[in-house]
Amino acid sequence: MSHKAEISTQTSLKFGGRLDPGFGSKRWGLGMNVTWRSLACTGVCVCVCRGKDGAPIITFPEYAGFSDIPDEDFLNVVTYLTSIPSLEAASIGFIIVIDRRRDKWSAVKASLTRIAGAFPGNLQLVFVLRPSRFIHRTIADIGIKLYRDDFKMKVPIIMLNSVSDLHGYIDKSQLTRELGGTLEYGHSQWIHHRTAIENFAMTVKTTAQMLQTFGTDLAETELPNDVQCTEELLSSHTEHHNKLKDELKLAVKQGATLLTCIREPVTRSSTSKLSEDELENVATVERLLAQLDETEKAFDQFWSKHHLKLEQCLQLRHFEHDFREVKLELDNLMDAQAGFTDIGDSVTRVEHLLKEQKQLEEKGQEPLEKAQSLALHGDQLIQNNHYAVDSIRPKCVELRRICDDFTNETKKKYDILGKSLELHKQLDKVSKQWCETGIYLLASQAVDKCQSQEGAETALCDIEKFLGTAKEHQVSNPKEFYNQFDMILTANVQKVLQKLEDVQEMFDKRQVSLKKLAAKQTRPVQPVAPHPESSPKRASPKNTRPAPLSKPQRERFQTHTHSVLTVLHIINELIETERVYVEELQSIIEGYASEMDNPDLIHLIPSALQNKKEVLFGNLPEIYEFHNRIFLKELENCIENPELLGRCFLKRKEDLQVYEKYCQNKLRSEALWRQCGDSLFFQECQRKLDHKLSLDAYLLKPVQRITKYQLLLKEMLKCSKNSEGTAELEEALATMLDIIKSVNDSMHQIAITGYEGDVHELGKLLMQGSFNVWTDHKKGHSKVKDLARFKPMQRHLFLYTKILLFCKKRDENTDGHEKSPSYSFKNSLKMSTVGITENVKGDNKKFEIWYNGREEVYIIQASSIELKNIWVSEIRKVLTGQLEACRGRTQCVIFVVLQWLGI
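Procedures and definitions
- Residues numbered from 1 in each chain as written.
- Predicted model: local features only at pLDDT ≥ 70, side-chain atom pairs only at ≥ 80, totals over all residues.
- Heavy atoms only, no water.
- Helix = DSSP H or I, 4+ residues; strand = E, 2+ residues; numbered from the N terminus.
- Buried < 20%, exposed > 50% of the residue type's maximum accessible area, 1.4 Å probe, protein only.
- Areas by Shrake-Rupley, 256 points an atom, 1.4 Å probe, with all protein chains shown as cover.
- Axes fitted to C-alpha atoms, helices over the stretch in contact; angles between N-to-C directions.
- Parallel < 35°, antiparallel > 145°, perpendicular 65-115°, else oblique.
- Left-handed = near helix turned anticlockwise from the far one by under 90°.
- Nonpolar A, V, L, I, M, F, W, Y, C, P; charged D, E, K, R; others polar.
- 1 Å grid on protein atoms, 1.4 Å probe; cavity = no way out; pocket = protein on both sides within 12 Å on 5 of 7 lines; lining within 4 Å.
- Points joined across faces, edges and corners; volume = space filled by probe spheres on them.
- Pairing = 2+ DSSP bridges.
- Salt bridge = Lys/Arg side-chain N within 4 Å of Asp/Glu carboxyl O.
- Phe/Tyr/Trp six-rings, centres within 6.5 Å; stacked < 30°, edge-to-face > 60°.
- Lys NZ or Arg CZ within 6 Å of the ring centre and 35° of its normal.
- Contact = heavy atoms within 4.5 Å.
- Disulfide = S-S within 2.5 Å.

(A) Region of interest: the overall build of the protein. On a plain count of helices and strands, the protein comes out with 29 helices and 15 strands. Taking all 903 residues of the protein together, the buried fraction comes to 42%. Split by element, the accessible area of the protein, about 50,400 Å² in all, is 52% carbon and sulfur.

(B) Spatial organisation of the packing of helix H10 (residues 227-262) against helix H12 (residues 276-338). Running from amino to carboxyl end, H10 crosses H12 at an angle of 165°, the nearest separation of the two axes being 10 Å. The orientation of H10 with respect to H12, classified from their angle, is roughly antiparallel. Crossing geometry of H10 relative to H12 is assigned as left-handed. Each residue belonging to the contact of H10 with H12 can be placed in one class, and the counts come to 20 nonpolar, ten polar and eight charged.

(C) Examining the layout of surface pockets more closely. There is about 810 Å³ of room inside the second largest pocket. Taken together, 22 residues form the lining of the second largest pocket, with Phe-340, Glu-356, Gln-359, Asn-628 and Arg-629 sitting closest to its centre. If you list the elements that add at least two residues to the lining of the second largest pocket, you get helix H13 (347-383), helix H18 (551-593) and helix H20 (620-636). Here the lining of the second largest pocket gets eight residues from one element, more than from any other, and that element is H13. Class assignment of the residues belonging to the lining of the second largest pocket gives a composition of seven nonpolar, six polar and nine charged.

(D) Summary view of the pairing of strand E8 (residues 793-800). When you tally the buried positions in E8, you get six out of eight residues, the bulk of the element. As defined by bridge partners, strand E7 (residues 765-777) adjoins E8 across eight bridges and the pair is classed as antiparallel. Across the sheet, Leu-765 pairs through a bridge with Tyr-800, a residue of E8. The pairing of E8 with strand E9 (residues 803-810) spans four bridges and is classified as antiparallel.

(E) How the structure looks around the pattern of salt bridges. Counted according to the given criterion, the structure contains 33 salt bridges. Note that Glu-715 and Lys-718 form a salt bridge whose closest N and O atoms lie 3.7 Å from each other. With a gap of three residues between them, Glu-715 and Lys-718 both fall in helix H26 (residues 701-719), about one helical turn apart. Lys-718 sits in the exposed class, given a relative accessible area of 57%.

(F) Region of the structure containing the packing of aromatic side chains. Applying the stated rule across the entire model yields 14 aromatic pairs. Pairing Phe-626 with Phe-631 gives two aromatic rings, centres 5.4 Å apart and planes at 25°, and the pair type is stacked. With relative accessibility at 6%, the residue Phe-626 sits in the buried group. According to the relative accessible area criterion, Phe-631 is buried, its value standing at 0%. Consider the rings of Phe-649 and Tyr-709, whose centres lie 5.4 Å apart with planes at 70°: the pair is edge-to-face. Linking Phe-649 in helix H21 (residues 645-651) with Tyr-709 in helix H26, this pair joins segments that are 60 residues apart in sequence. The structure contains a cluster of three or more aromatic residues connected by ring pairs, namely Tyr-592, Trp-673, Phe-681 and Phe-682. Here the guanidinium or amino end of Lys-395 rests over the ring plane of Phe-323, the centre of that ring lying 5.7 Å away. When the ring centre of Trp-774 is taken as origin, the NZ or CZ atom of Lys-846, which lies over that ring, is 4.2 Å away.

(G) Spatial organisation of the sheet that holds strand E6 (residues 752-753). Reading across the sheet, the eight strands line up as E6-E12-E9-E8-E7-E15-E14-E13 and stay open at both edges, with mixed pairing between neighbours. Two strands in the sheet have a free side with no partner beyond their single neighbour: E6 and strand E13 (834-837). Contacting E6, E7, E8 and strand E12 (822-830), helix H27 (residues 726-749) crosses the sheet at an angle of about 50° to E7.

(H) Summary view of the state of the cysteines. What the rule picks out here adds up to zero disulfides. Take Cys-638: it sits in no disulfide, and the sulfur closest to it among the cysteines is that of Cys-648, at 4.9 Å. Residue Cys-638 is classed as buried on the basis of its relative accessible area, which comes to 2%. The exposure class of Cys-648 is buried, given its relative accessible area of 6%.

(I) Quick peek at the packing of H26 against H27. Two elements in contact, H26 and H27, have axes separated by 9 Å at closest approach and are oriented at 155°. Classified by the interaxial angle, the pair formed by H26 and H27 is roughly antiparallel. Considering only the axes of H26 and H27, their crossing is left-handed. Packed against H26, whose contacting residues are Ile-706, Thr-707, Tyr-709, Gln-710, Leu-713, Lys-714, Met-716 and Leu-717, the element H27 presents Thr-726, Leu-729, Glu-730, Ala-732, Leu-733, Met-736, Leu-737, Ile-739 and Ile-740 at the interface. Classifying every residue of the contact of H26 with H27 gives twelve nonpolar, three polar and two charged.

Next comes the structure, spelled out in structure tokens:
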């Protein structure tokens, strides 16, 4: 059965009970207020007395306005009065006493007629106290005989002359004092009790209806699918439940108060007894209280189940939410591990990979602990008989499976990397100690010394002695040795095996050559015809003298060997320094930048440094990510293929532009460091990292690194002339020089002050540098012109595609620190309105830039002829480009005009 159906069934069973059948409010409806007024007006004596056989008695006392009571009110009164006694008493039949001793026959007739037509209960007897006056009594006797049948009553109507006659039928203790009895009766008190009982009955009914409505609402409520909605639903239902409980408590309190009021006479006097009617009132209230108690118990039982359901639903939603978060972390962890496929190609690389694997394992501890904890929580929910066991159990299994997979995969990675480390240690021993030693041995053997028999034999002995050490380095049968490792290492092993084979081949060729040279020379003999069975193609090595290597051949061999070794050395240096560089960047980011967000160290950070992480470090994290994830791995691929190095730099030309952004921020970073560099925060971080140098030294690393690249590329180019990849190396070097120039220019550009426009709107910065400048203004005073001619100004020029800026360089020192220069703007020339004179008489380092038909002439002197030629060439390119663009626009306008004219 579903949760919804279960609630619906409980609701209909527990909250569907009917009220006590004696409740008049069930029948009155809207006429209830009129009934109480009619009861008060008619003075009808209600069923407080009983006949000898227990029949309820209803008394209609003398009341002058009886005939004026509306039929509806009268019907409500008698209907209500007949509903008060118990079913057992009502089944005996009602006894009606009509007191008309002071009235006329007409009143007696009217009363009987109304009672006969409206009385809804079972009648047993009707007693009528006839009028006491003689004439009216006589008329009443006659009338009752004549009209008895007209009253349509199936019970006897007994006409009584006095109350003493009535006492013969009904005991005095069951009659009020008006009828000569001893019964204490207060009509207003009786009405008050009945009103209170009816109100209490209505309260019980309303409460039961509210509970039933609430149960129905709960039955129709769908369980939410998220934590927030479930919490809101639980809170809403709990709040509604508490309100209903308060209503129940008020109802019980109302019933208890009413019961106390009814029993008050007995409580006040031990000799007092409750009348039958009061006893029935007590029984009615007790039945209502019992029904209320039963309803409350059923409601509590239902609410307990429903509340448990909601709490379990909330537990499930929390579990599912936590599962999604932990699952995402585990998936990311597994993805990181799956991407960890590199097994290294050197001892340093493998050790670095082992360190990264250790970091990944440490990083994964928290998600793994969360997963295990969540799985245990799921087990507890299952043990507590949670309704969603089928949903919880698979998730627990999934969490434990992923944890086991990560643990097993980590163990496997460690095993593979351990084998890889062992292998590469052997590879290093073979490659560096044996192969490189062998190559150096071959390179060190001077070819001219090997031309003699003695020299060749000595070289052969050295080679054979060296080859004898192969067994010590596990290279006597390398394939058999390396086959003990997993096949995953085959690619790296093949590279070393290939290198071994290459070295072995070099030794074999050298041995062949040396053996030929070491062969003893004999005098030439007379050639004879070969035996028939001899092959004419075969010649005895003893009879053939090999041709000695020429000097150019020897030089080329030695040069090639030296170049190969140098290239390998440069590649190794590049990769080793790149790894160190990446580690240094990582230590800066983790040891300084990340610590600025550490709440335990926040008190050590000076206020000037607060929220200034991006100012101090710039885009250093972006540089680290590029080198760690991309550039280092691509450089490592060049170990066995050095010719790919140039292509690697060209491929990442755009990515290396990140250094320009870093250098542009350098001035701001240095200013902030000068202000806060002595703070305790940096001292604490340096202590934790165990760095010998302070942070500012490490912040210079990116600038130094970009310069290092172009130096290594220059060295590579020297050793790789006329070989594969040389053209790409040259292009890569030019690219790095352009990047360095762009970085340098941008650092100067951001130091410009006083220029009101936006330098970024001036086009690309092509050149910048310091010059001596003279000015000549035709419209100026002659003395000014002469003075300008002989006293040059020191100006720093910035050449853009749209404008040429003249600035004054200012160098200042602040607080003992050397401050970077700034450039104060002085003047500017639009490139669209200038001309150039490339040569100035008297000095080949000068050139002229003139403005507005030589109204303003600027004579510029460079520090060298080469620098002047570079600037003149660049300015000429700008002017030529503007001229071609102008011609293009002119031709376009002419074409449009011709079209418009129809030509």
